[in-house]
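# Observations on chain architecture
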Amino acid sequence: MALDEETANAIRAAAAAAKPARKELQRLAKLCGIKANQKNTVIIDELKKVLASGQPTVSFSRAVELASSVGLPVGANHTQLRALLRFLHQLGILMYFNEPGLDDVIVLDPQWLVTAATKIICEFTIHDLEEHRVAQRTKKKSWNALVRSAELNVDLLSALWPQHSEETQVQLLHLMTKFGLIVPQRTQSVFLVPALLTDSAEKVESLYRLAKAGGSPADVQYTAYFVFSLQDQLEDTQALDILTLRTDGFLPTGFFPRVLGKCVSWAQSTHGAPAQLTQGTAIISFGGDRFMLNELPEWNAIRIVLLQDNVLAAERVSGLIQEVINECMPHLCCQLMLPAPPSSR
């Protein structure tokens, strides 16, 4: 599966969001703890010069040097500079995440990340890249794991990203994890790539058999739907029919893999049973709470079926979905809805 346009746009959106109005600008500046004034444009000009020189990223230490060279205070422990960078991130001028593993790199051009990600997330039968041929020839076992099992072993990176240093490769992995494109696995140095999961009918059918064998409840009381739309399209709707969902709903391509990635990551933190995954269907356990997720693109919805009589899993999935929305698609709305009882249909 290629890195879909919505996913690529979601990455670009973190650095190309529409500039807020003046009041919003002042609010963001206040939240970031800085004064929005003309002086801050000086550092922007310096960063643009770095980008124009052909460097899509700059290290935080280099940003400290640039800020100091133009007379901007960086603050004790660089707190003022970090606040300014968060502010510029909010404005869509650059990408900066003040989090461990990400706080030492400032992305000036999001296409840099998109280009790297598409070396891993693509349709391998269509895209004939030299990096893929090298990986297949030199790292056959790891290459097969990527293509057949959606597992990325870090020993592939030297073949897939030969132009990047080991330090930059680690930064790219952190960024791809941040955007939900890959998920760290319990096995050290291995990542799940949700977008590369199989979508074969045989594999999907095996998951339904697995759920049934585990005593999957058939009653609709164990089923709920997360329905999606653009802002205001389905807001405050008490009831929906399928036709309305199809015409007014909106579930972006690539959204479900990111939700799946977050669910798998959370499951690992709760020491749940290993997830059983396909591209559009999954059986996941949050501790002892087992459930099935299905992507329903024709309905613009994600279905959750609780395989135990416990709603906590649905609540957690709802929270994880909202995390994806907040990170990548802030204008997307999600509502949790229950199927109508058979007697009312």
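To start, this report covers the structure provided alongside it. This one's a predicted model, so the numbers in the text were calculated from it and none came from an experiment.

Along its length, the chain carries 14 helices and 11 strands. By residue count, 46% of the 345 residues in the chain fall in the buried class. For the chain, the proportion of contacts with a sequence separation of at least 24, taken over those separated by at least 6, is 64%. Counting every atom, the chain has about 17600 Å² of accessible surface; 51% of that belongs to carbon and sulfur.

In terms of nonpolar packing, the biggest core is built from 67 residues, with Ile120, Leu146, Leu152 and Phe255 touching the most fellow members. Considering each element in turn, this core owes the most residues, 8 residues, to helix 14 (residues 312–328). Sequence-distant contacts of Leu146, that is, excluding residues within four places in its chain, are made with Ile120, Phe124, Glu151, Leu152, Leu156, Leu160, Val193 and Leu196. Ranked by size, the runner-up nonpolar core spans 22 residues in total, among them Val64, Ala67, Leu94 and Ile106.

As enumerated under the stated definition, the model contains 8 salt bridges in all. As a salt-bridge pair, Arg133 and Glu130 come within 2.6 Å of each other at their nearest N and O atoms. With Arg133 and Glu130 both in helix 7 (residues 130–138), this residue pair falls 3 residues apart, about one helical turn. For Arg133, a relative accessible area of 35% translates into the label partly exposed. Residue classification places Glu130 among the partly exposed positions, given a relative accessible area of 43%. A cluster of three or more residues bridged by salt bridges with shared partners is formed by Asp128, Glu130 and Arg133.

Taken together, 3 strands build an open sheet; the order of strands is 3-5-4 and the sheet is antiparallel. On the outer flanks of this sheet lie strand 3 (151–153) and strand 4 (183–184), each paired with one strand and no other. Sheet analysis places strand 3 next to strand 5 (residues 190–192), joined by 3 bridges and oriented antiparallel. Looking at strand 5, one finds that Leu152 is bridged to Phe191.

Looking along a regular strand, one sees the side chains alternate between the two faces of the sheet. Here strand 8 (residues 281–286) lies mainly inside the structure; 6 of its 6 residues are buried. Covered by surrounding structure in strand 8 are Thr281, Ile283 and Ser285 together with Ala282, Ile284 and Phe286, the residues of both alternating faces. Bridge count between strand 7 (residues 276–277) and strand 8: 2 bridges; the pairing is antiparallel. The partner of Gln276 across the bridge, within strand 8, is Ile283. Bridge analysis of strand 8 against strand 9 (residues 289–296) gives 6 bridges, and the strand direction is antiparallel. Bridge assignment links Ile283 to a residue of strand 9, and that residue is Met292.

How each quantity is defined
Residues numbered from 1 in each chain as written. Predicted model: local features only at pLDDT ≥ 70, side-chain atom pairs only at ≥ 80, totals over all residues. Heavy atoms only, no water. Helix = DSSP H or I, 4+ residues; strand = E, 2+ residues; numbered from the N terminus. Buried < 20%, exposed > 50% of the residue type's maximum accessible area, 1.4 Å probe, protein only. Contact = heavy atoms within 4.5 Å. Areas by Shrake-Rupley, 256 points an atom, 1.4 Å probe, with all protein chains shown as cover. Core = buried A, V, L, I, M, F, W, Y, C linked by side-chain atoms within 4.5 Å. Salt bridge = Lys/Arg side-chain N within 4 Å of Asp/Glu carboxyl O. Pairing = 2+ DSSP bridges.

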